[in-house]
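Descriptive structure summary
Residues per chain, in single letters:
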Amino acid sequence: MAESETMSLPVQTGDKRGCSEDKDEDVPSKKPKVESDHENGGAPDLNVEEPAEEASEEDEDGDTFADMMKHGLTETDVGILKYVSDHEGFSGILKERYSDFVVHEINKQGKTVHLDDLSIPVDSEQASETEQLPKESDVLTEEQKKQLGELQLFKNKEENVTIEVMDDTKEKRTLVHKAIKTQFPGLETKTEEKDGRKFIVAYHAAGKKALAAPRKHFWPKNRGSYCHFTLYKENKDTMDAINVLSKFLRLRPNMFSYMGTKDKRAITVQEIAVLKITAERLAHLNKCLMNLKLGNFCYKNHPLKLGELQGNHFTVVIRNISGTSEQVHQAMTSLKTTGFINYFGMQRFGTTAVPTQHVGRAILRNDWNEVVDLILKPRPGAEKEFLVRCREEWAKCQDPEAALKKLPNKRCVEGQLLRGLSMYGKKNIVTAFGMIPRNSRLMYVHSYQSVVWNTMVSRRIDSFGLKAVEGDLVLRGTAAHVLSAEEAETHTIHDIVMPLPGFDVIYPSHHIGEGYREMLTADGLDIDNMRHKVKDYSLAGAYRRVVIRPTDVSWEVIHYDDPRISLVHTDFEKLENKPAPVFIKDGKYRALRMEFSLPPSTYATMAIREVLKLDTSIKKQTQLNTTWFN
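Basis of the calculations
Residues numbered from 1 in each chain as written. Predicted model: local features only at pLDDT ≥ 70, side-chain atom pairs only at ≥ 80, totals over all residues. Heavy atoms only, no water. Helix = DSSP H or I, 4+ residues; strand = E, 2+ residues; numbered from the N terminus. Buried < 20%, exposed > 50% of the residue type's maximum accessible area, 1.4 Å probe, protein only. Contact = heavy atoms within 4.5 Å. Areas by Shrake-Rupley, 256 points an atom, 1.4 Å probe, with all protein chains shown as cover. Salt bridge = Lys/Arg side-chain N within 4 Å of Asp/Glu carboxyl O. Phe/Tyr/Trp six-rings, centres within 6.5 Å; stacked < 30°, edge-to-face > 60°. Lys NZ or Arg CZ within 6 Å of the ring centre and 35° of its normal. Pairing = 2+ DSSP bridges. Axes fitted to C-alpha atoms, helices over the stretch in contact; angles between N-to-C directions. Parallel < 35°, antiparallel > 145°, perpendicular 65-115°, else oblique. Left-handed = near helix turned anticlockwise from the far one by under 90°. Nonpolar A, V, L, I, M, F, W, Y, C, P; charged D, E, K, R; others polar. Disulfide = S-S within 2.5 Å. Expected span 1.5 Å × (residues − 1). Arc of directions from axis to C-beta. Polar contact = N/O pair within 3.5 Å; in protein donor to acceptor, adjacent residues only side chain to side chain. pLDDT = per-residue confidence, 0-100.

**So, the overall build of the chain**
When its secondary structure is counted, the chain shows 19 helices and 18 strands. When the 630 residues of the chain are sorted by exposure, 55% land in the buried category. The long-range share in the chain, meaning contacts at least 24 apart out of those at least 6 apart in sequence, stands at 79%. By element, 48% of the accessible surface of the chain is carried by carbon and sulfur atoms, the whole surface being about 27700 Å².

As structure tokens, then:
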């Protein structure tokens, strides 16, 4: 998944079990919600976003969500069965606060990305221009800046701010235009004449105008075309952050490039690149952005590409742990020396009563009526009332337009599919299904590949344990090689890969290889013919390491008294010269703070699962103690 996907582990273990809800404030919460997990890179066919299958506008209340999760998946349902270590597990709370999960991208050069510099780089042409022209900030009065600031933040009831140009020269007007656009991103300006007097009018570039092609500005030849910068964000996913930046800068979101998407319920730091936008304009956004900070600006001649990072570095706090110091030491030592099974995490498979892999299986079988049925039919468990009404309407009359009218939000998967059926008819389902964004459509087939991989890896570990055996696969370059008995003696479990099913992979020559064939045959698929009539759903397959050993592993058990305090010193706090958290030797609460780095396309939650020895599914945690939601 070239967009980093490391699910927030949506669980609390111990006496009060539950999960964490996304909120705008960093506060403890009472409700589970699955996030995208922090994995990036990986095989091209895994290079997709992982949105929720059925979008809804608001969070459920605790009881409703708990009821819905009674029909959700457990780890067993998606093939997650084994551990590599034999230490005793212990309980704890992950992501009680979003600041308990901090992610720093590791770039292509192997450098961990940090936000530690807010200064603006100055090139030679900029410097010469600056010497010749008055400072932009000098052309606006304090009152005008106040009015413009309120307009920028939508606090001004007026739709615009009008500034009379007393010293009416073209140079002066140009300076005022430039000052407003630079210091107050998101505002557009125009010159108007009234009664022989010239005025500059500032207004919001909203709606369609916000997506219009950006204005062409002079760009020095000796400056790289792309401004690269570090994006620090809190409790916001990568695409949401880019959409906010796009709105303020009046750009299309595809003007930005990045190496991977990061978790929402977390503090994350990553590199972003944008075409021909100055560092100065970007830096001015820091005055008006919430939960976002931009810095470490530089100009380069290339954008960023999905998956070209080396991985992510995680700082994770697990609060209120029950494990003894010896248990923690055993668990973390095992993680450092042996690692964890590289399962696809629970968020890969959705949270509703209709798992994403079932839709994927129907797509691969070319059973399009079942695809529609799975997505639109009424289902057990609680849902938003409008989705329930929509499904009931569809079941009653199979009329896409009537069902669509029940949805206030037409952008959810159900709405997009119904729109397609309304436009192209029920006899043209493939085209109608194409109304759903490509990444969301591919999510279904990739989740089917993932459950097959998880299931086969569990069988492999069960049959042969943690040693390389004859018939296993290893990579030689990009090609897979079947080990002989003699070769197996010179390899370890860390060398072994297993295939995601497809037309361009080979399978182990021992009985696990035959297990792939049996599983796909039982699902109505031909393992020898994984090409699909629709090219998008033709699966080439890929190879994935069975066991991952994290690097840069460290940990400490810390004590604290105040559950509201952050236990991680963030980049932004360091920039603000805020003190690091102070730990109390005899504090009444104990937490495990761990750090580790993972390569692309691996799930941090699966590493944490190995440490705590718990089922990471929301359904399991909800069953353990539904009173947590009350």
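**Notes on the pattern of salt bridges**
For the coordinates displayed, the defined rule picks out 24 salt bridges. Glu 164 is paired through a salt bridge with Arg 197; the nearest N and O atoms lie 2.8 Å apart. Note that Glu 164 is positioned in strand S3 (residues 160-164) and Arg 197 in strand S5 (residues 197-204), a separation of 33 residues in sequence. Accessibility expressed as a relative area gives 28% for Glu 164, which makes it partly exposed. The closest approach of N and O atoms between Glu 370 and Arg 365, which form a salt bridge, is 2.9 Å.

**Quick word on the packing of aromatic side chains**
Following the criterion strictly, the structure yields 13 aromatic pairs and no others. For the pair Trp 219 and Tyr 299, a centre-to-centre distance of 5.8 Å together with 80° between the ring planes defines the contact as edge-to-face. Of this pair, Trp 219 sits in the loop between S5 and strand S6 (226-234) while Tyr 299 sits in strand S9 (residues 292-300); the two residues are 80 residues apart in sequence, bridging distant segments of the chain. Members of the aromatic cluster, each reached through a chain of ring pairs, are Trp 368, Phe 433, Tyr 444 and Tyr 537. Lying over the aromatic face of Phe 101, Lys 95 brings its terminal NZ or CZ to 4.1 Å of the ring centre. Over the face of the ring belonging to Phe 503 we find Arg 531, whose NZ or CZ atom lies 3.7 Å from the ring centre.

**Quick notes on the sheet that holds strand S15 (residues 542-545)**
The strand order across the open sheet built from four strands is S13-S12-S14-S15, with neighbouring strands paired in antiparallel fashion. For this open sheet the edge positions go to strand S13 (479-482) and S15, each flanked by a neighbour on one side alone. Direction aside, the axes of adjacent strands within the sheet are offset by 55° on average. Where strand S12 (residues 473-476) lies against S13, four bridges are found, and the strand directions are antiparallel. Counterpart to Leu 473 in the pairing with S13 is Val 482.

**Let's talk about the packing of helix H10 (residues 385-397) against helix H12 (residues 413-424)**
Across the interface, H10 lies against H12 with an axial gap of 12 Å and an inter-helix angle of 30°. Judged by the angle between their axes, H10 and H12 are roughly parallel. Two packed elements cross with a definite hand, and for H10 against H12 that hand is left-handed. Across the interface between the two elements, Leu 387, Cys 390, Arg 391 and Trp 394 from H10 touch Glu 414, Leu 418 and Leu 421 from H12. Of the residues contributing to the contact of H10 with H12, the split by class is five nonpolar, no polar and two charged.

**Some words on the state of the cysteines**
Under the definition given, this model contains zero disulfides. Free cysteine Cys 390: the closest other cysteine sulfur is in Cys 412, separated by 7.1 Å. On the basis of relative accessibility, which here comes to 1%, the residue Cys 412 falls in the buried class.

**Quick look at the pairing of S5**
With respect to burial, S5 is a largely interior element, six of its eight residues being buried. Bridge analysis of S3 against S5 gives five bridges, and the strand direction is antiparallel. Following the sheet pairing, Ile 163 is matched in S5 by Ile 200. The turn joining strand S4 (residues 187-194) and S5, which pair antiparallel and follow one another in sequence, is formed by two residues; a positive phi near 50° is taken by Asp 195.

**Overview of the sheet that holds S3**
A sheet is described by the order of its strands in space; here three strands give the open sequence S3-S5-S4, paired in antiparallel fashion. Every interior strand has two partners, whereas the edge strands, S3 and S4, have only one. Across the sheet, the mean angle separating the axes of adjacent strands is 25° when strand polarity is ignored. Strand contacts of helix H3 (residues 142-152): S3, S4 and S5, with the helix running at about 155° to S3, the strand carrying the most contacts. The sheet strands contacting helix H4 (residues 170-183) are S3, S4 and S5, and the helix crosses S4 at an angle near 150°.

**Some details on the packing of helix H14 (residues 438-464) against helix H16 (residues 511-522)**
To describe two helices that pack against each other, one gives the angle between their axes and the distance between the axes. Relative orientation of the contacting elements H14 and H16 amounts to 145°, with a least axis distance of 10 Å. Helix-helix and strand crossings are classified by hand; for H14 and H16 the assignment is right-handed. Residues Tyr 448, Val 451, Val 452, Trp 453, Thr 455, Met 456, Arg 459, Arg 460, Ser 463 and Phe 464 of H14 pack against His 511, Ile 512, Gly 515, Tyr 516, Glu 518, Met 519 and Leu 520 of H16. Class assignment of the residues belonging to the contact of H14 with H16 gives a composition of 10 nonpolar, four polar and three charged.

**Topic: H10**
Since the α-helix advances by 3.6 residues per turn, residues separated by three or four positions end up pointing in the same direction. The end-to-end C-alpha separation of H10 is 18 Å, in line with the 18 Å expected for 13 residues at 1.5 Å each. Within H10, the full set of buried residues consists of Phe 386, Leu 387, Cys 390, Arg 391, Glu 393 and Trp 394. One side of H10 holds all its buried residues, which, seen down the axis, span an arc of 160°. In this structure, the buried residues of H10 make contact with helix H9 (368-376), helix H11 (400-404) and H12. Positive backbone phi, approximately 55°, marks Gln 398, located one or two places after H10.

**A word on helix H5 (residues 238-249)**
With 12 residues, H5 extends 16 Å from end C-alpha to end C-alpha; this agrees with the ideal 16 Å at 1.5 Å per step. For H5, the secondary structure elements touched by its buried residues are H3, S6, strand S7 (256-258), strand S8 (267-275), helix H6 (279-284) and S9. Capping the start of H5, Asp 237 holds a side-chain oxygen 3.3 Å from the backbone nitrogen of Met 239, two or three residues further along. Among the residues trailing H5, Arg 250 stands out with phi positive, at a value near 60°.

**Considering unusual backbone geometry**
Despite not being glycine, Asn 235 shows a phi value in the positive range, around 55°. The residue Asn 235 is located in the loop between S6 and H5 in this model. Phi at Asn 296 is positive, roughly 50°, even though this residue is not glycine. Here Asn 296 lies in strand S9.

**Describing the confidence of the model for the chain**
Here the chain shows a mean pLDDT of 82. Residues at 70 or above account for 81%. This stretch, residues 207-215, has a pLDDT under 50; its non-local contacts, to residues over four places away or in other chains, come to 14 contacts. Confidence over residues 624-630 falls short of pLDDT 50; this stretch has 20 contacts with residues more than four positions distant or in other chains.

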